[in-house]
Every structure is written in structure tokens, then in C-alpha cells.
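The lines below spell out each chain.
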Amino acid sequence: MPAMLSLDQARRIALAAQGLHKERPTGPVTARTVGRTFARLQLVQIDSVNVLVRSHFLPFYSRLGDYDRDILHRMSASHPRRMLEYWAHEASYIRPEHYQDLLPWQKRPWVGASRLDPGLREDVADRILAVLARSRPLTASELTARIGHVEDKQVANWGWNWNAVKRVLEHLFEEGVVSAASRTGQFERRYTLASKVLPAHALPGEQADPTAALQRLTDAAARAHGIGSVRCFADYFRTPVKATALAVEHLVRQGSLEPVEVAGWGRTLFRHTDAVLPRRATGRALLSPFDSLVFERRRLWELFSFHYRIEIYTPEPKRRFGYYVLPFLLRDRIVARVDLKADRAGGRLLVRSAFAEPDAPADTAVELAVELKLMARWLGLPGVDVGHAGDLAAVLAHEVARL
């Protein structure tokens, strides 16, 4: 019979797996500490929205507090790279050891050049690869100029108005032929041959057996979740659910996963045998909208009774909570949500709305005020301004003013 767990126990297992169950380190955060956190998370999603800070910086702040963002630049853009860009949950920084395993399972032809004329695609690819073989890393616009590609500008076209060079680059990126060496200040990829940036242990050899690759990815997802369903594990790296279910069966037979039941979930779940169950959770964190704790919305609801939707792409009149809303985790509950914006010119962290969850504890505003002050300091913003929107706004403004 599967072991029985309470919802509180399942919640603490999930928080511990993500490194969110305890207070942040009190001393300086080193590159080694950041590397250990990344190894725990397995991947960090990338997003171009910069209304607060680039989203891949936030998961490390949530878990470690004040740290030097240049550490991530060095990990992703300097040899030997400890973070690689590739498709996973979405566009993500991944651990190099997952690169070869992801190649057979990330099929996103809509991203690249599948709709281009095959002759044009092959010609552009040949010219791109010839240039990259002998040049420094280049952006799509630099490559367009370098190979002398000219085409009529499209104002309403599929593919974010990408030209053929950008589409072919993304096609080659998905195939594992080219990779991202770094990013510009405007967050454009600098492309180069994958062989130039891959660490030795991630260089292509014999093609990974897809079944074994998926088993390794599923094990990594289960470690990152601690506890979850087949769908949770499949969602982490965006692998097919049916194939992931077979990988889960293998991991159960192998002894890496064990079936469990959680009160209120009504279906069999799986706990990684290395997952720990803390006696209590004492952490506090503002979470990125793209944090791996909130990836899978059904799991988020079942664990925390927290309904979450990213409203960036929702027309402003239809938004309930705001544009860039961060959940606020306090101990073992998600107790509030705040819409944040960095006013870099004015040196202020703007809280455009603040809403408490129905069962938020009495100290929510106090703890959130401290957290906002800490985040502002990390971002180099001298002050925090709280607006009037939301049922938590007035008391939060009062608490911020007291600090």
C-alpha cells in the first residue's frame, strides 16, 4: 500500500526539494552556493520581461537573498560553462549534463524554420555555419549583415517578425548545432557553434538512448519536485506525459521513486526516495512568476490552495492583480501576491498592488514589508513605494514606512 502523507507533509517535502523551506544564508553568497542551488533546481526558466529584473535572476534571490548577479553571467558565458541555454520547461538555463538527454525530447519546429522553403533554409544554414566556424559569437542581426542576407521587412508575420536568418538560427539551436555563447545587454543571444561552448562532458558523442535519457530527466524532475504526479514531472522539462509515465514506472521498479497518497489529492503520487521531510518550514520569499515552484498550476493549487495566472498577456482592464505579480511565500503557505516594478530612474521599488490570501496570517504585512526592503536593496533601489490597489496595500504601506 502507498504510504499516506498529510497535505502539510507534502507541502514541506516540496518546499525542501526546492530549497525554500528555511531561512536564507546569513553570510556572503559564493559562486559555489549559487551552483549548489542551480543543481537543486535543475533548470531556471528564461524570459525577456525586465519590468522588475530578468526572471532567471529571481529564483536565486528567493533562495539565497542578496547575491552578485555577475555569478550567473560567469556560469552561463565563461568556460567551463555550468549553465547552458536550451529548451526545457520553456527557454531555460539547464545543467550541461541534461543537454544531450533533452535533444531527442525537445521538438518545437514552430520556433524555427519549418515553414521556410527548404532550399532557402539549407542555403542560409550553410552560410551561417561557415561564418560561425571562423568568427566570434554573433547576434542574429550581426549574422544577417555578415552573410549579406536581405529580405523585405514584414510588419505582420508569423514568428515575431523574425527574418530567415533568425528562424534558421533557432532551427539550428533546437537541433543542437548552434548554442548561445552569451547574451547582449538587450538580452539578444550571441550564437556560436555548440561544440565551442559545450563542456567536455556535454559534447555530442553517440546519440543518447531516448528511453534512458527520459528516465534521467524524469529522475531529475522528481528530485526537483520532491513529490508530485506524472504530469508534474513531465511538465518540469516539458516531456511527453505518456512516455514520462513509463519512465516513472521504471524509477519505481528501480527504487528511486515510491508511490504515496496525500490527503485531499485523490490520486497516487510519487515521492523521490532522496526527498527530505523537514519538521517545519521557516522560509520567506517573493517568487518569480516563472519560478519552478509555481510551474505546474494544478500542483500549486493542490499544495497551497493558490490559484495563479500570469497576467502579462492579459489586457489591462481584465487583469485581477496586476502585470508582473509575484507570489509571497511565508513559512509553508503562499499568503499574498504583489505587482512589482523597478523604477530604476527614480530609485524606487514600486508596489503597484498588494493582495492577501483569504487565510493570510496576521504577520503577513510585517514580513512582506521586510522582504520588499531586502529586494529593493538587492536591486540597488533606495526606497519602496506602495500604491493603493489591493486589500493589503494600506497596512503594507504602513509597515514599509516603519522600517
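Which residues make up the packing of helix α7 (residues 140-147) against helix α8 (residues 164-175), and what are the values?
Taken N-terminus to C-terminus, the directions of α7 and α8 make an angle of 115 degrees; their axes are 9 Å apart at the nearest point. The way α7 lies across α8 gives a crossing that is right-handed. On the side of α7, the interface is formed by Ala140, Leu143, Thr144 and Ile147, while α8 contributes Val165, Lys166 and Leu169. Class assignment for the residues of the contact of α7 with α8 results in 5 nonpolar, 1 polar and 1 charged.

Could you give an account of the sheet that holds strand β13 (residues 348-356), with specific residues and numbers?
Taken together, the 5 strands give an open sheet; going across it, the order is β10-β11-β12-β13-β14, and neighbouring strands pair in mixed fashion. Only two strands of the sheet have a single neighbouring strand rather than two, namely β10 (284-286) and β14 (383-389). Each neighbouring strand pair of the sheet contributes to a mean axis angle of 30 degrees, computed without reference to strand direction. As defined by bridge partners, strand β11 (residues 325-330) adjoins strand β12 (residues 333-343) across 6 bridges and the pair is classed as antiparallel. Within β12, the position partnered with Pro327 by the bridge is Arg337.

Could you give me a rundown of the nonpolar core, with the residues and numbers involved?
Among the nonpolar cores identified, the biggest contains 102 residues, and Leu52, Ile128, Leu340, Met375 and Leu396 are the most heavily contacted of them. Filtering out sequence-adjacent residues up to four positions away, Leu396 remains in contact with Val351, Ala354, Ala365, Leu368, Ala369, Leu372 and Val386. One finds Ile13, Val262, Leu269 and Val325 within the second-largest nonpolar core, a separate group that totals 27 residues.

Describe the layout of surface pockets, and please don't skip the residues or the numbers.
One number sums up the size of the largest pocket: a volume of about 750 Å³. Forming the walls of the largest pocket are 24 residues, and the residues nearest its centre are Ser48, Trp162, Lys166, Arg183 and Arg189. Taken together, the elements giving at least two residues each to the lining of the largest pocket come down to α7, α8 and β6 (189-193). Among the elements that take part in the lining of the largest pocket, α7 stands out by supplying 3 residues, more than any other.

Account for α8, naming residues and giving values.
Compared with the 16 Å implied by 1.5 Å per residue over 12 residues, the 16 Å span of α8 between its first and last C-alpha is a close match. Most of α8 is tucked away: 11 of the 12 residues are buried. Two or three places before Val165, at the opening of α8, Asn163 has a side-chain oxygen 3.2 Å from that residue's backbone nitrogen.

Go over the sheet that holds strand β8 (residues 257-262), please, and point to the residues and values.
As summarised here, the arrangement of the 4 strands in space is β1-β8-β9-β7, forming an open sheet in which the pairing is mixed. Strand pairing shows two members of the sheet lacking a second neighbour, β1 (3-5) and β7 (227-228), which therefore form its edges. Taken together, the 3 bridges between β1 and β8 define a ladder with parallel strand orientation. Paired with Ala3 across the strands is Val260, a residue of β8. With respect to the sheet, helix α12 (residues 241-254) is in contact with β8 and β9 (268-272), its orientation differing from that of β8 by roughly 105 degrees.

Requested: an account of unusual backbone geometry, with residues and values cited.
With an omega of -15 degrees, the peptide bond running from His79 to Pro80 counts as cis. With respect to the element layout, Pro80 can be found in the loop between α4 (70-77) and β3 (84-87). Unusually for a residue other than glycine, Arg238 sits at a positive phi of about 55 degrees. In this fold, Arg238 is placed in the loop between α11 (230-237) and α12. Positive phi outside glycine occurs at Arg331, with the angle close to 60 degrees. Note that Arg331 resides in the loop between β11 and β12.

About the thresholds
Residues numbered from 1 in each chain as written. Predicted model: local features only at pLDDT ≥ 70, side-chain atom pairs only at ≥ 80, totals over all residues. Heavy atoms only, no water. Axes fitted to C-alpha atoms, helices over the stretch in contact; angles between N-to-C directions. Helix = DSSP H or I, 4+ residues; strand = E, 2+ residues; numbered from the N terminus. Left-handed = near helix turned anticlockwise from the far one by under 90°. Contact = heavy atoms within 4.5 Å. Nonpolar A, V, L, I, M, F, W, Y, C, P; charged D, E, K, R; others polar. Pairing = 2+ DSSP bridges. Core = buried A, V, L, I, M, F, W, Y, C linked by side-chain atoms within 4.5 Å. Buried < 20%, exposed > 50% of the residue type's maximum accessible area, 1.4 Å probe, protein only. 1 Å grid on protein atoms, 1.4 Å probe; cavity = no way out; pocket = protein on both sides within 12 Å on 5 of 7 lines; lining within 4 Å. Points joined across faces, edges and corners; volume = space filled by probe spheres on them. Expected span 1.5 Å × (residues − 1). Polar contact = N/O pair within 3.5 Å; in protein donor to acceptor, adjacent residues only side chain to side chain.

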